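# Working through the structure, step by step
Take a look at the letters that make up each chain.
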Amino acid sequence: ILFGDIEKTSFEDLLSLGILNVVVLGYLFKFKKELQLMLLQPELAKIEGVKTKFHARALLILCSVTVAVCLKIMGVVLVTALFIAPALTSLAFARSAKQHMILSIFLGLGISVVGILASKALTLPSSATIAALGLIVFVITFLFRSKKSA
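Attention here is on the structure that accompanies the text.

Calculation rules
Residues numbered from 1 in each chain as written. Predicted model: local features only at pLDDT ≥ 70, side-chain atom pairs only at ≥ 80, totals over all residues. Heavy atoms only, no water. Core = buried A, V, L, I, M, F, W, Y, C linked by side-chain atoms within 4.5 Å. Buried < 20%, exposed > 50% of the residue type's maximum accessible area, 1.4 Å probe, protein only. Helix = DSSP H or I, 4+ residues; strand = E, 2+ residues; numbered from the N terminus. Contact = heavy atoms within 4.5 Å. Patch = residues over 30% accessible without salt bridge, like charges linked within 9 Å, V, L, I, M, F, W, Y side chains within 5 Å. Areas by Shrake-Rupley, 256 points an atom, 1.4 Å probe, with all protein chains shown as cover. Salt bridge = Lys/Arg side-chain N within 4 Å of Asp/Glu carboxyl O.

## Describing the nonpolar core
Nonpolar side chains tend to gather and get buried jointly when the protein is soluble and globular. Core analysis: the biggest nonpolar cluster contains 17 residues, and Tyr 27 and Met 74 have the highest contact counts within it. For this core, the secondary structure elements donating two or more residues are helix H1 (11–30), helix H2 (32–40), helix H4 (52–74) and helix H5 (76–91). If we skip the residues at most four places from it in the chain, Tyr 27 touches Leu 35, His 55, Ala 58, Leu 59 and Leu 62.

## A closer look at a nonpolar patch on the surface
Nonpolar side chains collect at one region of the surface, where Val 67, Phe 83, Ile 84, Leu 88 and Leu 91 lie side by side and expose about 430 Å² of accessible area between them. With 4 residues, H5 is the largest single contributor of residues to the nonpolar patch. In this structure, Phe 83 sits in helix H5.

Printed below as a string of structure tokens:
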């Protein structure tokens, strides 16, 4: 479970991941305003009647299930790398929360695709190559942004 093998993903794994994506995105779109208010102004959300405890628990459950499904498919190292690297890297460029989310998604996809192609070309394990590429992209971005702001 530490090092999953993304190349041995079965159709059932993809199906369960697809169903989970539909559920998570459906929840996020259905309760978008309540979640934004709850995350940005929790006290105001309570006053407005948002069920903050329900939504907090729902988010925790959805995150837990997502991590569990992803761990089975990809392993701890790759899941951690794909949660952290794109999110931190996109912070350097995003000007809003919406841009941050969208950029994180595309960075994660790009890192994954390039990592898989590089692993094939260099005959390296895919998960480790993707994780290393995520780290490299973050470090380069961090160094570039640090020099630019100095």
